[in-house]
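Chains, contacts and geometry: an overview
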Amino acid sequence: MDVTIKLPTLNQKDKTVAEMVVVMLIEEWPLSPKGIYNRVIRTADKPVSFQAVHKAIKKLHSEDILTRKERYYKLNPEWLKQITSFGNKVAEDYEKNEVNLKSLP
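My aim in this report is to walk through the structure given alongside it, one point at a time. (Residues numbered from 1 in each chain as written. Predicted model: local features only at pLDDT ≥ 70, side-chain atom pairs only at ≥ 80, totals over all residues. Heavy atoms only, no water.)

1. Description of the overall build of the chain
- Along the chain, the regular secondary structure elements total four helices and two strands.
- Sequence-ordered secondary structure for the chain, helices as α and strands as β, is α-α-α-β-β-α.
- Across the 105 residues in the chain, those meeting the buried criterion constitute 25%.
- Here the analysis covers contacts within the chain between residues at least 6 apart in sequence; of these, 45% occur between residues at least 24 apart.
- Roughly 8,000 Å² of accessible area belongs to the chain as shown, and the carbon and sulfur atoms make up 54% of that amount. (Helix = DSSP H or I, 4+ residues; strand = E, 2+ residues; numbered from the N terminus. Buried < 20%, exposed > 50% of the residue type's maximum accessible area, 1.4 Å probe, protein only. Contact = heavy atoms within 4.5 Å. Areas by Shrake-Rupley, 256 points an atom, 1.4 Å probe, with all protein chains shown as cover.)

2. Structural notes on the pattern of salt bridges
- As enumerated under the stated definition, the model contains five salt bridges in all.
- Ionic pairing is found between Glu-78 and Lys-81, a salt bridge with its closest N-O pair at 3.4 Å. Of this pair, Glu-78 and Lys-81 are both found in helix H4 (residues 77-102), three residues apart, which corresponds to roughly one turn of the helix.
- Glu-78 gets classed as partly exposed once you look at its relative accessible area, which sits at 45%.
- One salt bridge in this structure joins Lys-96 and Glu-92, with 3.4 Å as the shortest N-O distance. Of the two residues, Lys-96 and Glu-92 are both situated in helix H4; the distance of four residues between them amounts to about one turn of the helix. (Salt bridge = Lys/Arg side-chain N within 4 Å of Asp/Glu carboxyl O.)

Listed below in structure tokens is the structure:
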């Protein structure tokens, strides 16, 4: 089973450009690469080039984290479902394990 976990860090400083792209698309969608770039540079702690943003968008798209319709991008609903499913499964397993630990002598 191939598992790649890519979750944006919403409050962390020094986010990667890809994380900034995901955060922008959490807040507003769909956006063009230029729209994403304009929002990223307003919130970035350090200078970010359009090329860096475009490269991050292409990588996220190739990893099926983003979907594209014409020139506009948004988060992939299937990726969001996978995150939700994964989180629910882990939480359920932890809850079951806590119950099992309580029954130990």
